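# Coordinate inspection notes
Here are the chains, one letter per residue:
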Amino acid sequence: MFTGIVKDIGRVIAIKESKDNFILTIEHHLDSVHLGDSISIDGICLTVTNREAQQFQVEVMPETVKRTNIADFTPDEKVNLEPALKPADEMGGHFVLGHVDTTGKLIQKEIAGNSTLLTFSIAPEYIPDLVEKGSIAINGVSLTLIKVTEHDFQVGIIPYTSKETVLGALSIGQTVNLETDILGKYINQAFQRGYQNDN
């Protein structure tokens, strides 16, 4: 489990494709990384399978490739990194599982005072899981939903978030990983099941 508070910006060193699987080598500046650790890479929970000095490797299975933007990764690409939450860690964002629901695309970027407003597309079937003033993880970053429509949503980032994550460098049309808030997701599913049972 994660909080959506990015701890480091890593760099993709190498990408090895084997059948439908990917093996990624990531350069990092985290305090410590051990074999078997869970690390969020752009919001994707992956397990460290190899490590040396300031690099580690992870393996990516086909389901993860299908649901995320990993197939778009290129060498030298920067990625958000967050180690798994420990019991004594401060809970600064919201509960993020690292289980990406879907991807979206940046469709609008505008400056508003000291913040940058980002609007992303999302498939309509995920809209019921989004609530204004609720939370969403975008490439692993915990953000507050400012506006939700039938086909897209808007969030805002301050200069610190823009600098300390990869979100500030996003280009129009770029694909991002999206994980809706687990609480909203469960509430919506419970409501839908209750409605179906009543009918």
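Residues numbered from 1 in each chain as written. Predicted model: local features only at pLDDT ≥ 70, side-chain atom pairs only at ≥ 80, totals over all residues. Heavy atoms only, no water.

Under the annotation held in an unreviewed UniProt entry, the protein carries the name Riboflavin synthase and is attributed to Companilactobacillus kimchii. As stated in UniProt under Pathway (unreviewed entry), the record for the protein gives "Cofactor biosynthesis; riboflavin biosynthesis; riboflavin from 2-hydroxy-3-oxobutyl phosphate and 5-amino-6-(D-ribitylamino)uracil: step 2/2." In the Catalytic activity (unreviewed entry) part of its UniProt record, the protein is described as follows: "2 6,7-dimethyl-8-(1-D-ribityl)lumazine + H(+) = 5-amino-6-(D-ribitylamino)uracil + riboflavin". (UniProt positions renumbered as here; feature names shortened; annotations may be inferred.)

Right, let's get into the pattern of salt bridges. Throughout the structure, instances matching the rule amount to four salt bridges. A salt bridge links Glu27 to Arg11, with the nearest nitrogen and oxygen atoms 3.1 Å apart. Note that Glu27 is positioned in strand β2 (residues 21–27) and Arg11 in strand β1 (residues 8–18), a separation of 16 residues in sequence. One salt bridge in this structure joins Glu63 and Lys66, with 3.3 Å as the shortest N-O distance. Separated by three residues within a single helix, Glu63 and Lys66 lie in helix α1 (residues 62–67), roughly one turn from each other. Taken together, the shared-partner salt bridges in this structure form one network comprising Arg11, Glu27 and Asp76. (Salt bridge = Lys/Arg side-chain N within 4 Å of Asp/Glu carboxyl O. Helix = DSSP H or I, 4+ residues; strand = E, 2+ residues; numbered from the N terminus.)

This paragraph deals with a nonpolar patch on the surface. Side chains of Met1, Met91 and Phe95 sit close together on the surface and give an oily, nonpolar patch of about 270 Å² of accessible area. Mapped onto the secondary structure, Met1 falls in the segment before β1. (Patch = residues over 30% accessible without salt bridge, like charges linked within 9 Å, V, L, I, M, F, W, Y side chains within 5 Å. Areas by Shrake-Rupley, 256 points an atom, 1.4 Å probe, with all protein chains shown as cover.)

Gaps between atoms show up when a probe of the same size as a water molecule is rolled over them. For the structure on display, the rule yields one cavity of 30 Å³ or more. In this structure, the largest cavity spans a volume of roughly 30 Å³. Here the lining of the largest cavity gets three residues from one element, more than from any other, and that element is strand β12 (residues 175–180). Across the lining of the largest cavity, the residue classes break down as five nonpolar, four polar and one charged. (1 Å grid on protein atoms, 1.4 Å probe; cavity = no way out; pocket = protein on both sides within 12 Å on 5 of 7 lines; lining within 4 Å. Points joined across faces, edges and corners; volume = space filled by probe spheres on them. Nonpolar A, V, L, I, M, F, W, Y, C, P; charged D, E, K, R; others polar.)

So, about the sheet that holds strand β6 (residues 78–83). Strand pairing in a sheet relies on backbone hydrogen bonds. The paired strands run either parallel or antiparallel. Taking strand neighbours around the barrel as the criterion, the six strands line up as β1-β2-β5-β4-β3-β6 in a closed arrangement whose pairing is antiparallel. Each neighbouring strand pair of the sheet contributes to a mean axis angle of 45°, computed without reference to strand direction. As judged from the four bridges shared by strand β4 (residues 44–52) and strand β5 (residues 55–60), these two strands associate in the antiparallel manner. What sits directly across from Glu52, in β5, is Gln55. (Pairing = 2+ DSSP bridges. Axes fitted to C-alpha atoms, helices over the stretch in contact; angles between N-to-C directions.)

Taken across its six residues, β12 has six buried, putting it largely inside the fold. Because side chains alternate across β12, one face comprises the buried residues Thr175, Asn177 and Glu179, and the other comprises Val176, Leu178 and Thr180, equally buried. For strand β7 (residues 102–112) and β12, the ladder comprises four bridges, and the chain directions are antiparallel. Bridge pairing in β12 places Gly104 opposite Val176. (Buried < 20%, exposed > 50% of the residue type's maximum accessible area, 1.4 Å probe, protein only.)

Right, let's talk about the layout of surface pockets for a bit. Size it by volume and the largest pocket reaches roughly 430 Å³. Lining of the largest pocket is provided by 20 residues; of these, Lys7, Pro83, Ala84, Lys86 and Asp89 occupy positions nearest its centre. Where the lining of the largest pocket is concerned, the elements lending two or more residues are β3 (38–41) and β6. For the lining of the largest pocket, the per-class residue count stands at six nonpolar, six polar and eight charged. Of the pockets and cavities examined, the second largest pocket occupies roughly 280 Å³. As for the second largest pocket, its lining consists of 15 residues, of which Ile5, Val141, Tyr160, Thr161 and Thr165 are closest to the centre. For the lining of the second largest pocket, the secondary-structure elements that each account for two or more residues are β10 (141–148), β11 (152–157) and α2 (159–164). Looking at side-chain class alone, the lining of the second largest pocket contains seven nonpolar, five polar and three charged residues.

Attention shifts here to the domain arrangement of the protein. In terms of domain boundaries, the protein breaks down into domain 1 (6–81) and domain 2 (100–191). Here the C-alpha centroids of domain 1 and domain 2 sit 22 Å apart. At the interface, 13 residues of domain 1 touch 16 residues of domain 2. Carbon and sulfur atoms make up 46% of the area that domain 1 and domain 2 hide from each other, which totals about 1,000 Å². Contact with domain 2 buries area across many residues of domain 1, yet Arg67, Asn69 and Asn80 alone supply 43% of it, more than any other trio. Linking domain 1 with domain 2 are zero salt bridges. In this structure, the connection of domain 1 to domain 2 is made through six residue pairs in polar contact (both at pLDDT 80 or more). (Domains from an automatic or database assignment. Contact = heavy atoms within 4.5 Å. Buried area = accessible area lost by both parts, 1.4 Å probe. Polar contact = N/O pair within 3.5 Å; in protein donor to acceptor, adjacent residues only side chain to side chain.)

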